[in-house]
Amino acid sequence: MTTPTPPVAQPVRLLIVDDDPLVRAGLTLMLGGADSIDIVGEGADGTEVEDLVDRLRPDVVLMDIRMPVMDGLTATEAVRRRPDAPEVVVLTTFHADEQVLRAVRAGAAGFVLKDTPPAQIVESVRRVAAGDPVLSPAVTRQLMARAAGGAPDDRTGRRDRARQRFAELAEREQAVALAVGRGASNAEIAAELYLSVATVKTHVSRILAKLQLNNRVQIALLVHDAGLLDEDAGGGGGIR
């Protein structure tokens, strides 16, 4: 009796958006040879993105931040508001700046630097298509530090709004969210809270749905905005 052949995973449908034709050509050349990537189209400005998404139905958009007419941040915000939104990975020359933070808040699943080796960009696109954000813990910490900036009144208002949203979660969901905020993986959260990895994934999905967030990084930003990480380190858990 022959063993059935496992189904072949479909390539990730990728849309590349960058105003520099040389950058687009280079990315297409570098990524087009990967078996797991199918480049379905290119765009030169953020104004083109929604139409391209309608026509090409990409799984992931690789989006430049700086473009002349509509920048990649505005385009990301518009695309991620759609009910059938593709994932977005932003292209940048900076490791962590205010623009990257805004992109993550808008729903981008992460970012890659323009000088990232091709194999790493391919892996980033694959991971994002599978629902796994591509922000390392070190980069997440940099973004958190940037998120803590602003005038005291702004920080207070942001904290109060974040705490109101966090309070919508059930107790176990709050514990999982706090662990996500510390940068823990699903396996680490499962061990800490005596849960299965599958149960942790379910809790993360519920948190995202309840709070209308796009990914784990946005959970971490919410926890940070609420000022709960220091309390958690001091023995607190959730809002008291």
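None of the values given here were measured: they were computed from a predicted structure. Starting afresh in each chain, residues are numbered from 1 along the sequence in its written order. Reporting of local features is limited, given that this is a predicted model, to residues whose pLDDT is at least 70; pairs of side-chain atoms are given and counted only at 80 or more, and all residues count toward the totals for whole chains, interfaces and linings. The side-chain values count all of the structure's non-hydrogen atoms but skip hydrogen atoms and water molecules.

What to know about the overall build of the protein
Going by this rule: Secondary structure follows DSSP: runs of H or I at least 4 residues long count as helices, runs of E at least 2 residues long count as strands, and numbering of each begins at the N terminus. Accessibility here uses a 1.4 Å probe with only protein chains present; expressed as a share of the type maximum, an area under 20% marks a residue as buried, one over 50% as exposed, and anything in between as partly exposed. In this analysis, two residues are considered to be in contact whenever any of their non-hydrogen atoms come within 4.5 Å of each other. Shrake-Rupley sampling with a 1.4 Å probe provides the accessible areas, and residues are treated as covered by the protein chains on show and by no other component.
Helices and strands together make up the secondary structure of the protein, namely 12 helices and 5 strands. With 240 residues in all, the protein has 46% of them scored as buried. Counting only contacts in the protein whose residues sit at least 6 apart along the sequence, the fraction spanning at least 24 positions is 66%. By element, 52% of the accessible surface of the protein is carried by carbon and sulfur atoms, the whole surface being about 12,300 Å².

Concerning helix α8 (residues 171-181)
Burial of α8 is extensive: 8 of the 11 residues sit out of reach of the surface. The set of residues buried in α8 consists of Glu173, Gln174, Val176, Ala177, Leu178, Ala179, Val180 and Gly181.

What to know about the sheet that holds strand β2 (residues 37-43)
Stated formally: What makes two strands pair is DSSP finding at least two bridges between them. Angular values range over 0 to 180 degrees, each being the angle between N-to-C directions of two axes fitted as lines to C-alpha atoms, with helices fitted over their stretch in contact.
Taking strand neighbours across the sheet as the criterion, the 5 strands line up as β2-β1-β3-β4-β5 in an open arrangement whose pairing is parallel. For this open sheet the edge positions go to β2 and β5 (110-113), each flanked by a neighbour on one side alone. Direction aside, the axes of adjacent strands within the sheet are offset by 25° on average. With 4 bridges joining them, strand β1 (residues 12-17) and strand β3 (residues 60-64) adopt parallel strand pairing. The residue of β3 that forms the bridge with Val17 is Met63. Sheet contacts for helix α2 (residues 49-56): β1, β2 and β3; angle to β1, the most-contacted strand, approximately 160°.

A word on the packing of α8 against helix α11 (residues 216-225)
Put simply, the test is: When an angle is under 35 degrees it counts as roughly parallel; over 145 it counts as roughly antiparallel; between 65 and 115 it counts as roughly perpendicular; any other value is oblique.
Close contact between α8 and α11 brings their axes to 8 Å; oriented N to C, the two are set at 100°. When the axes of α8 and α11 are compared, the pair comes out roughly perpendicular. Of the residues in α11, those in contact with Ala177, Leu178, Val180 and Gly181 of α8 are Arg216, Ile219, Ala220 and Val223.

Let's talk about the packing of helix α10 (residues 197-211) against α11
Note the threshold: Here a crossing is called left-handed whenever its near helix is offset anticlockwise from the far helix by less than a right angle, and right-handed whenever the offset is clockwise.
The N-to-C vectors of α10 and α11 enclose an angle of 70°; their axes lie 10 Å apart at closest approach. Classified by the angle between their axes, α10 and α11 sit roughly perpendicular to one another. Pair α10 / α11 crosses with left-handed handedness. Listed contacts from α11 to Val204, Ile207, Leu208 and Leu211 of α10 are Arg216, Ile219 and Leu222.

Here we look at the environment of Gln164
Tracing the sequence through the fold places Gln164 in helix α7 (residues 152-166). Among the residues examined, Gln164 registers a relative accessible area of 58% and is labelled exposed. Along the chain, Gln164 and Ala226 lie 62 residues apart, while their C-alpha atoms are 8.6 Å from each other.

Worth remembering: the numbers are spatial, not functional.
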